[in-house]
Structure formats: C-alpha cells, structure tokens
Amino acid sequence: MTRSSATAGALQEARLPVQAKLAAAWTSVMFLYIYVDYLALYKPGSIDDILVGVVHEFDTGPTFVALALTLMAIPSLMILLSTTLPARVNRATNLVVATLYIPASLYNADGESWAYSYFYGLSIGLEVLLLAFILRAAWTWPRTTRATAGRDLAQARV
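None of the values given here were measured: they were computed from a predicted structure.

Asker: Summarise the overall build of the chain; cite the residues concerned and give the values.
Answerer: Counting its secondary structure elements, the chain contains seven helices and two strands. Along the chain direction, N to C, the helices and strands of the chain fall in the order α-α-α-β-β-α-α-α-α. Counting only residues that meet the buried cut, the chain has 22% of its 158 residues in that class. For the chain, long-range pairs separated by at least 24 residues make up 75% of all intrachain contacts whose partners lie at least 6 apart in sequence. For the chain, the computed accessible surface area is about 11,500 Å², with 66% contributed by carbon and sulfur atoms.

Now the structure itself:
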C-alpha cells in the first residue's frame, strides 16, 4: 500500500478569528470557576458552613448571592460579547475585564489551609493563565492596514 503525497504533508493550520479564541478562553474560565466551586464543596466543613449561612467567611444573604451572581455573570457574558461586539470595543472590554478578574481569581486562595494549596494553586494558576491568554489575544489583535481597511469597508457595504 502506498501513500499519496497529498496525505503525507503537514497538517494545515486553521486561522481562528480573535473573537473565537476569546470566546473559547472565556468558556474555559467559566468551566474552571464552576468545577473549582463544585470541588471545593468536598472540603470537610464546607457543606456545614453553607447550611449555617457562611461561604468563605461571608454571610450568605441576598447581598452575597447578588454579588456572586454578578461575579460569575460577567465572564459568562464575555463569551457572547467576545463574538458580537465590534473589534475596538471588544478588545477594550476583554482587556479591562480580564485585568479585573486576575485579582478576583487570586483572592480565592485567601484564608485557605496549606492542605489545599495544590488544589488552589493549580486552579488559580490555570485561571490566571487563561486570563493572560485573553489579555495577550486582545492586546495583539491584528490590525488592518489603511489600504485594506478601505477595501474591507467597501466590501462590507456591498
């Protein structure tokens, strides 16, 4: 059996739009947030604290629930916004939100015991790496040259 030269070549790299990369990264961030919160429930005493109305030393009242929802709604919405906002607004929004979420991710380790340092180190490390990827993708967003920008605008009007 012989191979044809067409199948023996290198794999073709598909060029993904920046918007798709950003949406994929925000989706990964959300999966990590969800699973880290879920797996944290397995720590001894977590469920007992929730039953008495305490999460991470905060009382679980309406304010906590609203703030927690807001904290998770923003990256959830970033998945959609990364694919729908105009490029200039999209870039700025991703830069601002990813920058603000790095300290929010780091805060998750505050007050945790050393017994869970690997868990929090890995989860926060992965979150920060994803946020750094978002920052890099947004920061290095490809620009069009003036000659192609005019042509692209003319084609968009057709």
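Asker: Could you give an account of the packing of helix α2 (residues 18-40) against helix α4 (residues 62-84), with specific residues and numbers?
Answerer: Where α2 contacts α4, the axes come no closer than 8 Å and their chain directions differ by 160°. Here α2 is positioned roughly antiparallel relative to α4, judged by the angle of their axes. Judged by the twist between their axes, the crossing of α2 over α4 is left-handed. Side by side, α2 and α4 meet where Q19, L22, A23, W26, T27, M30 and Y33 of the first sit next to M72, P75, S76, M78, I79, S82 and T83 of the second. Split into classes, the residues belonging to the contact of α2 with α4 amount to nine nonpolar, five polar and no charged.

Asker: Requested: an account of the environment of V18, with residues and values cited.
Answerer: With respect to the helices and strands, V18 occurs in helix α2. C-alpha separation for the pair V18 and A87, spaced 69 residues apart in sequence, amounts to 9.2 Å. Apart from the residues within four sequence positions on either side, V18 is in contact with A137, W141 and P142.

Asker: Residues and numbers for the nonpolar core, please.
Answerer: Counting 17 residues, the largest nonpolar core has L22, W26, V29, L131 and I134 as the members making the most contacts within it. Sorting the residues of this core by element identifies α2, α5 (87-107) and α6 (117-139) as the ones contributing at least two each. With eight residues, α2 is the single largest residue contributor to this core. Setting aside anything within four residues of it in sequence, one finds V29 in contact with L130, L131 and I134.

Asker: Break down the environment of A20 for me, with residues and values.
Answerer: Among the secondary structure elements, A20 is positioned in helix α2. Linking A20 and I79, residues 59 residues apart in sequence, is a C-alpha distance of 9.0 Å.

Asker: Describe the packing of α2 against α5, with residues and values.
Answerer: Their axes nearest at 12 Å, the elements α2 and α5 cross at an angle of 20°. Compared by their axis directions, α2 and α5 come out roughly parallel. Along this stretch, α2 crosses α5, giving a crossing that reads as left-handed. When α2 is examined against α5, the residues Q19, L22, W26 and Y33 are found in contact with a partner set consisting of N90, N94, V97, A98, Y101 and S105. Here the residues of the contact of α2 with α5 sort into six nonpolar, four polar and no charged.

Reading guide: rules and limits
Residues numbered from 1 in each chain as written. Predicted model: local features only at pLDDT ≥ 70, side-chain atom pairs only at ≥ 80, totals over all residues. Heavy atoms only, no water. Helix = DSSP H or I, 4+ residues; strand = E, 2+ residues; numbered from the N terminus. Buried < 20%, exposed > 50% of the residue type's maximum accessible area, 1.4 Å probe, protein only. Contact = heavy atoms within 4.5 Å. Areas by Shrake-Rupley, 256 points an atom, 1.4 Å probe, with all protein chains shown as cover. Axes fitted to C-alpha atoms, helices over the stretch in contact; angles between N-to-C directions. Parallel < 35°, antiparallel > 145°, perpendicular 65-115°, else oblique. Left-handed = near helix turned anticlockwise from the far one by under 90°. Nonpolar A, V, L, I, M, F, W, Y, C, P; charged D, E, K, R; others polar. Core = buried A, V, L, I, M, F, W, Y, C linked by side-chain atoms within 4.5 Å.

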